[in-house]
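Observations on the model geometry
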Amino acid sequence: MCRVGDFVVCCILLLSCPFLCYSCYTENVEISVNSTTTIAETDDNFICATLDWWPSNKCDYNQCPWGQAGLLNLDLTNKILTNALRAFDTMRIRIGGSLQDQVTYQVGDLINDQQQFRSEKDGMFGFSGGSLPMNRWDELNCFFNETNSLITFGLNALIGKTKPKKGITWTGDWSSQNARDFMKYTISKGYKIHSYELGNELCAGGVAARLEPEQYAKDITTLKALVNELYPDPATQPKVLGPAGFFDKKWFAKFLEHTGKDVVDGVTHHIYNLGAGVDPTLIRKVQDPYFLSQIEQTFQDAQTVVKEFAPWSGPWVGESGGAYNSGGKDVSHTFADGFWYLDQLGMTSKHNHKVYCRQALIGGNYALLNTTIFIPNPDYYGALLWHRLMGNQVLATSQKGSAYLRTYSHCSKKKPGVTILFINMSNSTQFEISVTDEGNLYKSDSASNVLSREEYHLTPQGGNIQSDVVLLNGTPLKLTPSLEIPELKPKLVDPSSPIVIARDSIVFVTIRDYQAPACA
């Protein structure tokens, strides 16, 4: 049963508990922020989402959740899709995925290579090769320009290579001619590309194919030379990214050793730490802080390897959907997934990752937007709030409370102060938070704090964490009648009062009075 005081607090704050409050407790927690120095730095466009090549007959576990969301058939005129990207002002989009290394570009010598992806028993990932018509590339770039998107384009890394008779290790040098013709066409049209990425999941043990690290280093060096040749102006030259696969310390270190200085601008790796989308324990995994913490060593190792072998570069999460094979149909598009996703954003930024690309913007069960009707899923709003509130300077944050409470602090974006992300994975405990500074530069209960605290409380509709509807400060987030993304208004709170974090909630708090030296 609740203690008397907790029962009263719980039942008054309906946001915090169901009407039967016997399982709700309040825990007081002090968090400490070190505002004198930063511990890491992200890119200004840290939030990223992917667009994938999957056709509509991509199926997993007796379901086909991609619909018309693939790059070749996505409705680019959909108003919700356009407005969802415009809400970010600038949204980073990564074009790529499993079929990337089976795509040719219909230009130059391959102008008549009009392949369409079709089911093929012996094909990689069960599909034949496909091709990108230049009229579709034109349509995509019109859409990217209209939405002010920042584009990473994943190139086919297997062209020209020899497929093995046994095993999955391909050999031979990358043939860059089709990529050259594609880039020249792109340049001739004035299309802006932020970065080119070579291959998809060919590193370490690979998935359907793999390359040795020395060979991949040779191939990506060829790509860098091509980019230098075709984009001679450093101010507009796209970056080169790779290897776009699952992290293995030895493979990544050897690859970077063989590339040499300034070849790779971003070291990309993929994360699917929740396991298979069909896993019945998925709902428990996304709420288990001990399980979620297991992946942190990978982020630390990636940071260390990049710092040692490519310090001019930076680690990126180039693709992450949580659960592989299109995500979990009952979890990945729901509020509960935000416990995993927002924790990933906080954890990777703390380990100096520059970009985090969510699989996918649309398509599968794990998309930010509903695959069929395009309305935003809960994680879309978490991503948008992060993008708007969390600056690129990361601050050290500590607390001695429950493991089910995650806290991450950044300098606020575009405004003075500090923004703190709270993730409460507990279904029975709410937290009352006081904030202090390690250097005694700020205390949340100080009478000198005069600016209202800005709070954004995200909770699931009806208290059901497997709901597709998310509430902001108690109000459901729904598109406007004109299909615009709703305004995300904070709740203004007395700065001397404790921060109350409801059970099963995600909260962004911006403290304008927090004059952090690291953020000056």
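Residues numbered from 1 in each chain as written. Predicted model: local features only at pLDDT ≥ 70, side-chain atom pairs only at ≥ 80, totals over all residues. Heavy atoms only, no water.

An unreviewed UniProt entry lists the protein chain under the name Heparanase-like protein 2, with Erythroxylum novogranatense given as the organism. UniProt annotates the protein chain under Sequence similarities (unreviewed entry) with the comment "Belongs to the glycosyl hydrolase 79 family." (UniProt positions renumbered as here; feature names shortened; annotations may be inferred.)

What follows deals with empty space enclosed by the protein. Within the structure shown, the criterion is met by three cavities of 30 Å³ or more. For the largest cavity, the calculated volume is near 60 Å³. Lining the largest cavity are Thr-42, Asp-43, Asp-44, Phe-46, Ile-47, Trp-386, His-387, Met-390, Gly-391, Asn-392 and Lys-413. Looking at the lining of the largest cavity element by element, the count peaks at three residues for strand S15 (residues 390-399). Counted by class, the lining of the largest cavity contains four nonpolar, four polar and three charged residues. Counted as a void, the second largest cavity has a volume near 40 Å³. Lining the second largest cavity we find Phe-335, Gly-338, Leu-342, Pro-378, Asp-379, Gly-382, Leu-458, Val-470 and Ile-506. If you list the elements that add at least two residues to the lining of the second largest cavity, you get helix H10 (337-350) and helix H11 (378-389). When residues in the lining of the second largest cavity are grouped by element, the largest group, three residues, is from H11. For the lining of the second largest cavity, the class distribution of residues is six nonpolar, two polar and one charged. (1 Å grid on protein atoms, 1.4 Å probe; cavity = no way out; pocket = protein on both sides within 12 Å on 5 of 7 lines; lining within 4 Å. Points joined across faces, edges and corners; volume = space filled by probe spheres on them. Helix = DSSP H or I, 4+ residues; strand = E, 2+ residues; numbered from the N terminus. Nonpolar A, V, L, I, M, F, W, Y, C, P; charged D, E, K, R; others polar.)

Quick look at a nonpolar patch on the surface now. The grouping of Tyr-61, Val-278 and Tyr-324 at the surface amounts to a nonpolar patch, some 260 Å² of accessible area in total. Secondary-structure assignment places Val-278 in the loop between strand S11 (275-276) and helix H7 (282-285). Residue class for Val-278 comes out partly exposed when judged on its relative accessible area of 47%. (Patch = residues over 30% accessible without salt bridge, like charges linked within 9 Å, V, L, I, M, F, W, Y side chains within 5 Å. Areas by Shrake-Rupley, 256 points an atom, 1.4 Å probe, with all protein chains shown as cover. Salt bridge = Lys/Arg side-chain N within 4 Å of Asp/Glu carboxyl O. Buried < 20%, exposed > 50% of the residue type's maximum accessible area, 1.4 Å probe, protein only.)

Right, let's get into helix H2 (residues 79-86). Note that an α-helix has 3.6 residues per turn; residues three or four places apart therefore point the same way. Counting buried residues along H2, six of its eight residues qualify, which places the element largely inside the surrounding structure. Those residues of H2 that sit buried are Ile-80, Leu-81, Thr-82, Asn-83, Ala-84 and Leu-85. Check the buried side of H2 and you find it contacts strand S4 (91-95), helix H3 (134-146), strand S7 (149-155) and H11. N-capping of H2 is provided by Asn-78, with a side-chain oxygen placed 2.9 Å from the backbone N of Ile-80. (Contact = heavy atoms within 4.5 Å. Polar contact = N/O pair within 3.5 Å; in protein donor to acceptor, adjacent residues only side chain to side chain.)

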